[in-house]
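Here is what each chain is made of, one letter per residue.
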Amino acid sequence: MDIVNAYLATGSYRAAAEICGTTHKTVRRVLERRARGEEPGVRRRRPRNTDVVADLIARRVRDTAGRISAKRLLPEARAAGYAGSARNLRRAVARAKAEYRRKARTYRPWVPSPGQHLAIDWGEEGALKIFCAVLAWSRYRFVRFALDQRRETTLRLLAECFEELGGVPAVVLADRMACLKAGEVANVVVPHPDYVRFATHYGFRPDFCEAADPESKGLVEHLVGYAKTDLIVPAGGFGSVREANEAARAWCAEVNGRVHSETQALPARRLEAEREVLRPLPSLRPPLRRGVLRKVDRLSTVRIGSARYSVPRRLVGATVEVAAAEGEVVVFHRGQQVARHPLVAPGECSILDEHFGGPDERPRRALRPRSEAERAFLALGEVAERFLRAAAAAGTPRLASELRGILELEAGWGREDLLRALVRATAFRRFAAADVRDILCAGVGVPGLVAPGTILLGGFPEVPRRPLDAYAVEGAR
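Everything numeric here is computed off the predicted structure, so don't read it as measured data. (Residues numbered from 1 in each chain as written. Predicted model: local features only at pLDDT ≥ 70, side-chain atom pairs only at ≥ 80, totals over all residues. Heavy atoms only, no water.)

1. Remarks on the overall build of the chain
Definition in use: Each helix is a run of DSSP H or I of at least 4 residues and each strand a run of E of at least 2, with the numbering of both proceeding from the N terminus. Only protein chains enter the area calculation, which uses a 1.4 Å probe; residues under 20% of their type maximum are buried, those over 50% are exposed, and those in between are partly exposed. Working rule for contacts: check all heavy atoms of both residues, and any pair within 4.5 Å makes them a contact. For accessible areas, the Shrake-Rupley method is used with a probe of radius 1.4 Å. Any residue's cover is judged against the shown protein chains and nothing else.
Along the chain, the regular secondary structure elements total 16 helices and 14 strands. Per-residue burial for the chain yields a buried fraction of 35% across its 477 residues. In the chain, the share of contacts with a sequence separation of at least 24, taken over all contacts with a separation of at least 6, comes to 58%. Of the roughly 30,100 Å² that the chain leaves accessible, carbon and sulfur atoms contribute 52%.

And the structure:
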């Protein structure tokens, strides 16, 4: 306003500049801005060549928590259209980092209390899953392996963890596991009813971390990474879950007996002191479902993991509980184990003979006689049944009339001789009625039928015999 008043009094740029101690160019710019209606003293920001990548810089600084360098960001900025120098980009990245640090949240050390918090989380190691839990105050670690991350598995391992700790903490802090939550409303996790019943039975309060915020559960996140790097895994991996859990128990005993870098104390010894403030374990354990429910089909099998496993025939139509753990599939019915199988690949079957009353047999078609002759022939017993099946398999023509002819032989030879003849006929595959008659005739006067291959000696006709001299050539003597 001094410049404006000086100009209005003198009417000259230079005179006003001398009065105000500035240049005539400044006086002219101030008057031009006043003529355009701009606010006095407001200077327009000059555009920078880094404005084209300002959003990219801010996003990359935010994604890396302010740790990215301008040197790393320069190729990406060039690809996004930045044509300035590396120095200008360094200045822009420095301004973005300063802005990020100014708006970043303030961290405050967490001071845990004895018996208050147990943090749990899942990790992966090859085909196996790693369940990790750590007491916040004593830093006592608990690690186990499993084949899946289902709710039943998580609660079973959490119950095993309470048993090892010898008590129950006040709060169990978990990630937003899909197996433990029923939904989310306004960013508030609704725990699953099974988890609520489990927590009520043991007497702890279930709590969940903030979404996409690993810093709120860094205690157990560090344990998952520590278990992956420090737990010794064989070159080909663990042979079974049981072998992996044995290694996990040995590893936990080792690290819990080692001085912790943060507390400078033994976690196992601090646990002894923390047990005094942990809540006591319930006298009755909750009935945890060990597996999935399946209905036994007509084949007396259950299907899980695209494979079939047999169960006793008496359970056809019943609902059983199938659990897969440590390379085995175990079937329970009303709390009792009824079958145990080795884990097989999808599409395969695991069958136990005792579930079907004995070893596997070839399927046999039932014989259903329709005519009087068929019923009378099959009434001869098992020998007649074997004869009929063999004759049909050999394609005997006019088998029905042959059976009637064989039945007529019973009246003359008796049932006992006829049955022996049928046994012999079946052995030599002679199925006509005439063949059976010949066998009966060959056995006349012989006490029973002789064994196959035995020479039958009977009354053979006398043949005239000639001496060898009768064959001599005349004149050769």
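Once the structure has been displayed, the description carries forward.
2. A look at the nonpolar core
Using the following cut-off: Residue types Ala, Val, Leu, Ile, Met, Phe, Trp, Tyr and Cys, when buried and joined through side-chain atoms within 4.5 Å, form a set referred to as a nonpolar core.
By size, the foremost hydrophobic cluster in this structure holds 30 residues, and its most contacted members are Leu-118, Ile-120, Leu-158, Phe-162, Leu-180 and Phe-204. Here this core gets 7 residues from one element, more than from any other, and that element is helix α7 (residues 151–165). Contacts of Leu-158, omitting those with residues within four sequence positions, involve Leu-118, Ile-120, Phe-131, Val-172, Tyr-195, Phe-198 and Phe-204. Counting 23 residues, the second-largest nonpolar core is a separate cluster that includes Leu-380, Val-383, Leu-407 and Leu-409.

3. Quick look at the packing of aromatic side chains
When we look at a pair of aromatic rings, we describe it by the centre distance and by the angle of the planes. Spelled out, the test is: The rule is short: rings of Phe, Tyr and Trp, with Trp giving its six-membered ring, pair when the centres are within 6.5 Å, and they are stacked under 30 degrees, edge-to-face over 60, tilted in between.
Taken as a whole and judged by the stated rule, the model has 13 aromatic pairs. Plain terms: the ring middles of Trp-122 and Phe-131 are 5.4 Å apart, the flat faces sit at 65° to each other, and that makes the pair edge-to-face. With respect to burial, Trp-122 and Phe-131 carry one shared label: buried. Measuring from ring centre to ring centre gives 6.2 Å for Tyr-195 and Phe-208, while their planes differ by 75°; the resulting arrangement is edge-to-face.

4. Quick look at the sheet that holds strand β3 (residues 141–146)
Rule in force here: At least two DSSP bridges between two strands are required for those strands to pair. To get an axis, a line is fitted to the C-alpha atoms, and for a helix only the part in contact is used. The angle between two axes follows their N-to-C directions and goes from 0 to 180 degrees.
Across the sheet, which stays open at both edges, the 5 strands sit in the order β3-β2-β1-β4-β7 with mixed pairing between neighbours. The open sheet has two edge strands, β3 and β7 (205–208), and neither has a second partner. Strand-to-strand twist across the sheet, computed as the mean angle between neighbouring axes with direction ignored, equals 25°. Relative to β3, strand β2 (residues 128–135) runs antiparallel, the two being bridged by 6 bridges. Across the sheet, Phe-131 pairs through a bridge with Arg-144, a residue of β3. This element, α7, spans β1 (117–125), β2, β3 and β4 (171–174) of the sheet and lies at about 145° to β3.

5. A short note on helix α13 (residues 382–393)
The condition that has to hold: Multiply 1.5 Å by the residue count of a helix minus one, and that product is the helix's expected span.
Over its 12 residues, α13 extends 17 Å from the first C-alpha to the last, a length consistent with the 16 Å expected when each residue adds 1.5 Å. Turning to α13, its buried residues are Val-383, Ala-384, Phe-387, Leu-388, Ala-390 and Ala-391. Along its buried surface, α13 packs onto α12 (372–378), α14 (399–413) and α15 (415–427). Positive phi shows up at Gly-395, right after α13, with a value of about 70°.

6. A look at a positive patch on the surface
The test is simple: Here a patch means residues that are over 30% exposed by relative accessible area and free of salt bridges, tied together within 9 Å if like-charged and within 5 Å if nonpolar (Val, Leu, Ile, Met, Phe, Trp, Tyr). Should a side-chain nitrogen of Lys or Arg be within 4 Å of a carboxyl oxygen of Asp or Glu, the pair is scored as a salt bridge. A positive count includes Lys and Arg, and a negative count includes Asp and Glu. His and the chain ends are not counted in either. The atom standing in for a charge is NZ when the residue is Lys, CZ when it is Arg, CG when it is Asp and CD when it is Glu.
A surface patch of positive charge is lined by Arg-48, Arg-87, Arg-90, Arg-91 and Arg-95. Here Arg-87 shows up in helix α6 (residues 86–103).

7. Focus: empty space enclosed by the protein
The cut-off we apply is this: Both site types are read off a 1 Å grid over the protein atoms alone. A 1.4 Å probe that fits but cannot get out defines a cavity, while an open set with protein on both sides within 12 Å along at least five of seven lines defines a pocket; lining residues have an atom within 4 Å of a point. Grid points are joined across faces, edges and corners, and a volume is the space filled by probe spheres set on the points. Polarity classes work like this: nonpolar for Ala, Val, Leu, Ile, Met, Phe, Trp, Tyr, Cys and Pro, charged for Asp, Glu, Lys and Arg, and polar for all others, with Gly in that last group.
Tallied over the full model, the rule gives 1 cavity of 30 Å³ or more. Its boundaries defined by the atoms lining it, the largest cavity holds a volume of some 30 Å³. Lining of the largest cavity is provided by Glu-125, Ile-130, Phe-145, Ala-227, Lys-228, Leu-231 and Val-233. When the residues that make up the lining of the largest cavity are grouped by side-chain class, the tally is 5 nonpolar, no polar and 2 charged.

8. Quick word on the sheet that holds strand β9 (residues 301–304)
Backbone-to-backbone hydrogen bonds join strands into a sheet, with any given pair of strands oriented parallel or antiparallel. If you walk across this open sheet you meet the 3 strands as β9-β10-β14, and the pairing is mixed. Each of the sheet's edge strands pairs with one partner strand only, and the pair in question is β9 and β14 (349–350). Of the pairings in the sheet, the one linking β9 to strand β10 (residues 307–310) comprises 4 bridges and is antiparallel in character. Its bridge partner lying in β10, Ile-304 is registered against Ala-307.

9. Remarks on the side chain of Arg-139
In plain terms, the rule: Contacts described as polar in this section are N or O atom pairs within 3.5 Å, which, within protein, must combine one atom able to donate a hydrogen with one able to accept it, while residues neighboring in sequence count only if both atoms come from side chains.
With respect to the secondary-structure elements, Arg-139 resides in the loop between β2 and β3. Glu-262 provides the closest opposite charge to the buried, unpaired Arg-139, separated from it by 4.9 Å. Polar side-chain contacts of Arg-139 include one of 2.4 Å to the backbone oxygen of Ala-136.

10. Structural notes on unusual backbone geometry
Non-glycine residue Ala-186 carries a positive phi angle of around 55°. In the Ramachandran plot, Gln-264 falls in the positive-phi region, its phi being about 55° despite a non-glycine side chain. Inspection of the secondary structure assignment puts Gln-264 in the loop between α10 (241–256) and α11 (267–274). According to the relative accessible area criterion, Gln-264 is exposed, its value standing at 59%.

11. What to know about the pairing of strand β12 (residues 328–333)
Counting buried positions over the 6 residues of β12 gives 5, a clear majority of the element. One ladder, built from 6 bridges, connects β12 with strand β13 (residues 336–342); its direction is antiparallel. When the bridges of β13 are listed, Phe-332 appears paired with Gln-337. The antiparallel pairing of β12 with β13 creates a hairpin that spans 2 residues between the two strands, and Arg-334 there sits at a positive phi of about 55°.

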